[in-house]
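Fold and contact review
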Amino acid sequence: MNTQDLIKSGILESYLLGLASREEQELVQQKMLDDPELAAYVTHLENDVLSYFDANAVSPPQDVREIVHLRSRKGNAQKRKHVFNRIPKEENYNKGPYLEVEVSDTYIKVHKYWRPAFIIVFILSKIFLIAGLYYYFKSSGQEQEILRLKTQIQQQK
Amino acid sequence: MNELEQINRNTGQSFMNSPAGKLTSLEIYDKYGAMAYGIILQIIPQPHLAQEVLISVFSSPLLQSCNSYPFTFAVCIIKLARAKAVEAKRKLAGASSPALDIRSDAAENSPQQVFDLAFRQGFSPEEVAEKLNISKPEVLRSLHAFFKSNRDA
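Residues numbered from 1 in each chain as written. Chains lettered and ligands numbered in written order. Predicted model: local features only at pLDDT ≥ 70, side-chain atom pairs only at ≥ 80, totals over all residues. Heavy atoms only, no water.

Attention now goes to the packing of aromatic side chains. Counted under the stated rule, the structure contains 14 aromatic pairs over all chains. Geometrically, the ring pair formed by Y52(A) and F115(B) is edge-to-face, given 5.5 Å between the ring centres and 85° between the ring planes. Of this pair, Y52(A) sits in helix 4 (residues 36–55) while F115(B) sits in helix 5 (residues 111–120), on two different chains. We classify F115(B) as buried; its relative accessible area is 0%. Seen from their ring centres, F146(B) and F147(B) are 5.3 Å apart, and the 85° between their planes marks the pair as edge-to-face. What makes F147(B) buried here is its relative accessible area of 1%. Following the ring pairs from residue to residue traces out a cluster consisting of Y52(A), F53(A), F115(B), F119(B), F146(B) and F147(B). Just above the ring of Y15(A) sits the side chain of K79(B); from NZ or CZ to the centre is 5.0 Å. (Phe/Tyr/Trp six-rings, centres within 6.5 Å; stacked < 30°, edge-to-face > 60°. Helix = DSSP H or I, 4+ residues; strand = E, 2+ residues; numbered from the N terminus. Buried < 20%, exposed > 50% of the residue type's maximum accessible area, 1.4 Å probe, protein only. Lys NZ or Arg CZ within 6 Å of the ring centre and 35° of its normal.)

Moving on, we come to the environment of E46(A). Residue and element names in this part refer to chain A. By the element assignment, E46 lies in helix 4. A relative accessible area of 4% places E46 in the buried class. With 30 residues separating them in the primary sequence, E46 and L16 have C-alpha atoms 7.3 Å apart.

Residues and elements named next belong to chain B. A full pass over the atoms with the stated rule returns six salt bridges over all chains. When the shortest N-O distance is used, the salt bridge between D116 and R120 registers 3.0 Å. Placement of the pair is D116 and R120 together in helix 5, with a separation of four residues, close to one helical turn. Owing to a relative accessible area of 6%, R120 belongs among the buried residues under this scheme. As a salt-bridge pair, E126 and K136 come within 3.1 Å of each other at their nearest N and O atoms. (Salt bridge = Lys/Arg side-chain N within 4 Å of Asp/Glu carboxyl O.)

What follows covers helix 7 (residues 136–152) of chain B. Compared with the 24 Å implied by 1.5 Å per residue over 17 residues, the 24 Å span of helix 7 of chain B between its first and last C-alpha is a close match. Those residues of helix 7 of chain B not exposed but buried are V139(B), L140(B), S142(B), L143(B), H144(B), F146(B) and F147(B). Summarising the contacts, the buried residues of helix 7 of chain B are in contact with helix 1 (3–9), helix 2 (11–16), helix 3 (22–34) and helix 4 of chain A together with helix 5 and helix 6 (125–132) of chain B. (Expected span 1.5 Å × (residues − 1). Contact = heavy atoms within 4.5 Å.)

Core analysis: the biggest nonpolar cluster contains 66 residues, and L12(A), L17(A), F53(A), M35(B), F58(B), I77(B) and F115(B) have the highest contact counts within it. Each residue touching L12(A), except ones within four places of it in the same chain, is listed here: L6(A), I7(A), V28(A), L38(A), Y41(A), V42(A) and L45(A). (Core = buried A, V, L, I, M, F, W, Y, C linked by side-chain atoms within 4.5 Å.)

Before going further, it helps to examine the environment of A57(A). Tracing the chain through its elements places A57(A) in the loop between helix 4 and helix 5 (62–86). Those residues in contact with A57(A) that lie beyond four places of it in its chain are A34(B), M35(B) and G38(B).

Right, let's talk about the interface of chain A and chain B for a bit. Size of an interface: often given as the accessible area lost when the parts come together. Listed per partner, the contact involves 44 residues of chain A and 47 residues of chain B. Both sides of the chain A and chain B interface together cover about 4,000 Å² of buried area, and 65% of this is carbon and sulfur. The largest contributions to the chain A side of the interface with chain B come from L19(A), Y52(A) and F53(A), which together make up 16% of the buried area. The tally of links from chain A across to chain B stands at two salt bridges. Our count for the chain A to chain B interface comes out at eight residue pairs in polar contact (both at pLDDT 80 or more). Contributing elements (two or more residues each) for the side of chain A that touches chain B: helix 1, helix 2, helix 3, helix 4 and helix 5 of chain A. The element that contributes the greatest number of residues to the side of chain A that touches chain B is helix 4 of chain A, accounting for 11 residues. Each residue belonging to the side of chain A that touches chain B can be placed in one class, and the counts come to 21 nonpolar, 13 polar and 10 charged. (Buried area = accessible area lost by both parts, 1.4 Å probe. Polar contact = N/O pair within 3.5 Å; in protein donor to acceptor, adjacent residues only side chain to side chain. Nonpolar A, V, L, I, M, F, W, Y, C, P; charged D, E, K, R; others polar.)

So this is what it looks like as structure tokens:
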């Protein structure tokens, strides 16, 4: 099939639209490598296809952009995590036990067990505070009682 | 496996994490979001469903493959938007093959009708040929004629 036949066959259009079969895709790719004229025509055809779809473009609502933004951030965070897992152990040991992670926000992440641990420490601190105050006032009351008894004994003597 | 998936398998690089010169998914959205939404609406006319498909297009890992695509980014987005919209339309239909919905404004076997069946309704060129009782080369030539008439218009 020569270049003109290929252009008129519509295979190039079906290729650009994703409708071409595997054989047709290979044929177009091979022909484009061999024939710069065909490659130039495909570039021209791309512009025609884009013009058609640009003419039918519709602006989506602003909310959609926000969702895409959030999903892409989430996706990137997951990919970063995978990259860390692929680092060989030897390399980690050479660099030290900690990974240098550059983050763009001011938040930190801690293990979920820190939550109950923090709650337990908080409750214990309150118990010890109350107990300390109780025994402080109790001992000061006892001291006053001892002083009172001592003066009473001295008066009796 | 479609063409985009093949490219994605062959290239392990991720353009989203890579340095300057590569577009982020949000930049791609800003540039091609309206075009992709227009394509999806042609296939799925319900706006809320079309918006869901649009989000899936721009958060798809297949978007990475457009970076190594031999043609322009926009052509890759067109293919991806169509593939996702057709997939969603088929899921909605709940059947293995989509229902035939030939537009009344298109003349019988016209390039417009062939484009409508092949691109908007997700039929392969072989299926379009079978439905319209024409040969596959005729279907492909109609696609050529469709874009030629748009260019000349």
